[in-house]
Amino acid sequence: MSRTASASSSRPPPPKSAELNGKAAARDDVIRTKILLLGMRRSGKTSIRQVLFNNLSERETLYLETTTHLTKQPFDTVIPLEIWDCPGDTTLETLDAPLTQFATMIFVIDIQDLYHQPIQKLVDFVITAYKENPNMNLEVFVHKADVLTEEYKIENFRDIQQRVISELTYINVEYEQIPINFQLTSILDHSLHDAFSRVLHKLIDSLPYLEDLLNVFCANSQASKAFLFDTVSRLYVATDASPVDPPTHNLCSDYLQTLNAFGPLYKSVSASPLRMRVDPAGLSTSVAPSAPTSPPTSPSLPPTSAQPSASTLQLPPPPSPSPDTSATKSPPPINTILSAPITTSPSAITPPTLPASAGGAGTGTGTPAASSATTPDPASGSTSATPDTTAASPAPRQRQHPRFYPSAAASLAPTAAGGAVVGAGGGGGAGAAAAAAGGGTTLTYHLITPQLALLALVPSTVFAARRGLLEYNVVFFREGVQEICDVEAEARRVK
């Protein structure tokens, strides 16, 4: 016990909450699902975490230092996660938390390393986890598999799997039935993303509902395959019922990586803050600037007034050669199409009111609920502020989702030689039409939430001829996923 106490006292303190994510502090008001990442020194634990969740390139992992203290990596996707990256010397005694707090344990083994010591450490953790938390998911990543040929890779993978089962059986025959999943992984290909995606599937309670939405989308859009990807980590959180084909998954993952790399270089004029705003209650035609707190008191002039005052009119002055006489001259004729008088106060200009048949009773304007209408008094020539009782009615609470959702498409047109040529189509255009003429498939991308995106393989003929139906199905799918994410977030919020 003295050795353990001295070793734990010499270790540096864990990082503060503001240092967990490297860029920003994690939210502390949600309940996070914890994943324990274990392994020997230089086995690749930190490389896995950095590549998946911090967008580190494979080449930069060569310069990562050895992990000497516990690092907690928060990550928000369909469910909030927290990955505990433990040093190589972590044991059951030095772990700062009981195993009952973790939903999954991932043990990383270097495929080129000597197997005796890591297998013994893995067996100790597996037995303890089986006793303390039988529902914990146990995963083994046989890492750095890219350095071996296909034959030696499979041979070493089976050897490690057999040795672990033999060690467990030697200790107790009952331990042979412990479910442990072994997977070959590497940061140089898509095997790591596929393996971690399967780990994530076991942690999402709403996975059946997401899969049902994807199945409905594929059936209505004639899509051969669809993935719901996390845009940052490129992990697919759900897919449809058809089997996952590795080439199809790799193609979708590469396309998402391309969009992530080049997307920030482009800006859209339509994606302005005005369009990103949340819809106000009622039918919105325009957004007026904020009005001052003082009510309007200055008189309003009818459109046909011949001598308005230059100091009160909020209109550009008419062209005049002499500024001294501009106040006495009549302004140019005002367009008589305007049905409402022009207010001379500096308050916000009220948008024209729509008919009751078009905008409903009292909801035709896009003004805030606290707005007031000004009515001229012909006897006194002044205006009186009348509160708008219809606009002051409480509006239904709406979800805070953006109104702008980017989309993209790429045509996968077969060539005469039987290969495939990829042509980018910014929303369908000539690339999709060319692919439709000769058959082929179109890879589509639609943003669903700020963290999730839908990637689907659609026949080019369907994409070119029935684009509206496809977009309608995307909207239906987006509404369902957003509802699931809202329920998940509300259930995990700390009261």
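Remember, predicted model here, so these are calculated numbers, not experimental data.

1. Here we look at the pairing of strand β3 (residues 80–85)
Most of β3 is tucked away: six of the six residues are buried. Of the two faces of β3, the one holding Pro80, Glu82 and Trp84 and the one holding Leu81, Ile83 and Asp85 are both buried throughout. Summarising the sheet, strand β1 (residues 33–39) and β3 pair through five bridges and their orientation is parallel. Its bridge partner lying in β3, Ile35 is registered against Ile83. Looking at chain direction, strand β2 (residues 71–76) and β3 are connected through six bridges and run antiparallel. By the bridge assignment, Phe75 is partnered in β3 with Leu81.

2. Remarks on the packing of helix α3 (residues 116–132) against helix α4 (residues 150–171)
The interhelical angle for the contact between α3 and α4, taken along N-to-C directions, is 55°, at an axis separation of 10 Å. Taken together, the axes of α3 and α4 lie oblique to each other. Considering only the axes of α3 and α4, their crossing is right-handed. Residues Ile119, Gln120, Leu122, Val123, Val126 and Ile127 of α3 touch α4, and the partners they reach there are Ile160, Arg163, Val164, Glu167, Leu168 and Ile171.

3. Overview of empty space enclosed by the protein
If you walk through the whole model with that rule in mind, you get five cavities of 30 Å³ or more. By volume, the second largest cavity is sized at about 50 Å³. Counted by class, the lining of the second largest cavity contains seven nonpolar, one polar and no charged residues.

4. Description of the side chain of Thr248
Within the secondary structure layout, Thr248 lies in helix α7 (residues 246–262). A relative accessible area of 15% means that Thr248 is categorised as buried. Apart from the residues lying within four places of it in its own chain, the contact partners of Thr248 are Lys225, Phe227 and Leu457.

5. Observations regarding the environment of Ser197
Within the element layout of this structure, Ser197 appears in helix α5 (residues 191–201). Taking the C-alpha atoms as reference points, Ser197 and Asp230, 33 residues apart in sequence, are found 9.8 Å from one another.

6. What about the environment of Thr449?
Here Thr449 is to be found in the loop between β13 (441–447) and β14 (452–459). On the accessibility criterion, Thr449 (7% relative accessible area) is buried. For Thr449, the contacting residues outside a window of four places in its chain are Val481 and Gln482. At 3.0 Å, the side chain of Thr449 and the backbone nitrogen of Leu452 are in polar contact.

7. Digging into the nonpolar core
Phe141, Phe217, Leu228 and Val481 are the most contacted members of the largest nonpolar core, which totals 48 residues. Listed in part, the 34 residues of the second largest apolar core include Leu38, Leu122, Val142 and Ile160.

8. Comments concerning helix α12 (residues 467–492)
If you check α12, its first and last C-alpha atoms are 37 Å apart, about what 26 residues at 1.5 Å a residue would give, namely 38 Å. Within α12 the residues assigned to the buried category are Leu470, Asn473, Val474, Phe477, Arg478, Gly480, Val481, Gln482, Ile484, Cys485, Glu488 and Arg492.

9. With respect to the confidence of the model for the protein
A residue-level look at the protein finds 61% of positions with pLDDT of 70 or above and a mean pLDDT of 73. Of the regions scoring below 50 in pLDDT, residues 415–438 engages in 39 contacts with residues more than four places distant in sequence or in other chains.

10. Section: helix α2 (residues 45–53)
When you tally the buried positions in α2, you get nine out of nine residues, the bulk of the element. Among the residues of α2, Lys45, Thr46, Ser47, Ile48, Arg49, Gln50, Val51, Leu52 and Phe53 are the ones counted as buried. Downstream of α2 by a residue or two, Asn55 has a phi angle that is positive, lying close to 55°.

11. Some thoughts on unusual backbone geometry
If a residue is not glycine, its phi is most likely negative; likewise, a peptide bond is most likely trans. Non-glycine residue Asn55 carries a positive phi angle of around 55°. You can see Asn55 is positioned in the loop between α2 and β2. Since its relative accessible area comes to 64%, Asn55 is described here as exposed. The phi angle at Gln222 is positive, at roughly 60°, despite the residue not being glycine. With respect to the element layout, Gln222 can be found in the loop between α6 (207–221) and β7 (225–230).

Here is what the cut-offs are and how they apply
Residue positions are given per chain, counted from 1 along the sequence in the order it is written. For a predicted model such as this one, the threshold for reporting local features is a pLDDT of at least 70, and the threshold for listing and counting side-chain atom pairs is 80 or more; totals across whole chains, interfaces and linings nevertheless cover every residue. Only hydrogens and water are set aside when side-chain values are computed; all heavy atoms of the structure are taken into account. For every residue, the accessible area obtained with a 1.4 Å probe (protein chains only) is divided by the maximum for its type, and the residue is called buried under 20%, exposed over 50%, and partly exposed between those limits. Put simply, DSSP H or I for four residues or longer makes a helix, DSSP E for two residues or longer makes a strand, and each gets a number counted from the N terminus. We call two strands paired when DSSP finds no fewer than two bridges between them. Axes here mean lines fitted to C-alpha atoms, for a helix over just the part in contact, with angles spanning 0 to 180 degrees between N-to-C directions. The cut-offs work like this: below 35 degrees is roughly parallel, past 145 is roughly antiparallel, 65 to 115 is roughly perpendicular, and the gaps in between are oblique. The hand of a helix crossing depends on one turn: near helix anticlockwise from the far one by less than a right angle means left-handed, and clockwise means right-handed. By the convention used here, residues are in contact when the closest approach between their heavy atoms is within 4.5 Å. The pocket and cavity definitions rest on a 1 Å grid over protein atoms only: a 1.4 Å probe that fits but cannot leave marks a cavity, an open set with protein on both sides within 12 Å along at least five of seven lines marks a pocket, and residues lining either have an atom within 4 Å of a point. Grid points are joined across faces, edges and corners, and a volume is the space filled by probe spheres set on the points. Residues are grouped as follows: Ala, Val, Leu, Ile, Met, Phe, Trp, Tyr, Cys and Pro are nonpolar; Asp, Glu, Lys and Arg are charged; every other residue, Gly included, is polar. Definition of a polar contact: a pair of N or O atoms within 3.5 Å, with one able to donate and the other able to accept a hydrogen when the atoms are protein atoms, and with sequence-neighbouring residues admitted only if both atoms are side-chain atoms. Here, nonpolar core refers to any group of buried Ala, Val, Leu, Ile, Met, Phe, Trp, Tyr and Cys residues whose side-chain atoms link them within 4.5 Å. Helix span, expected: 1.5 Å multiplied by one less than the number of residues in the helix. On a range of 0 to 100, pLDDT expresses the predictor's confidence in each residue.

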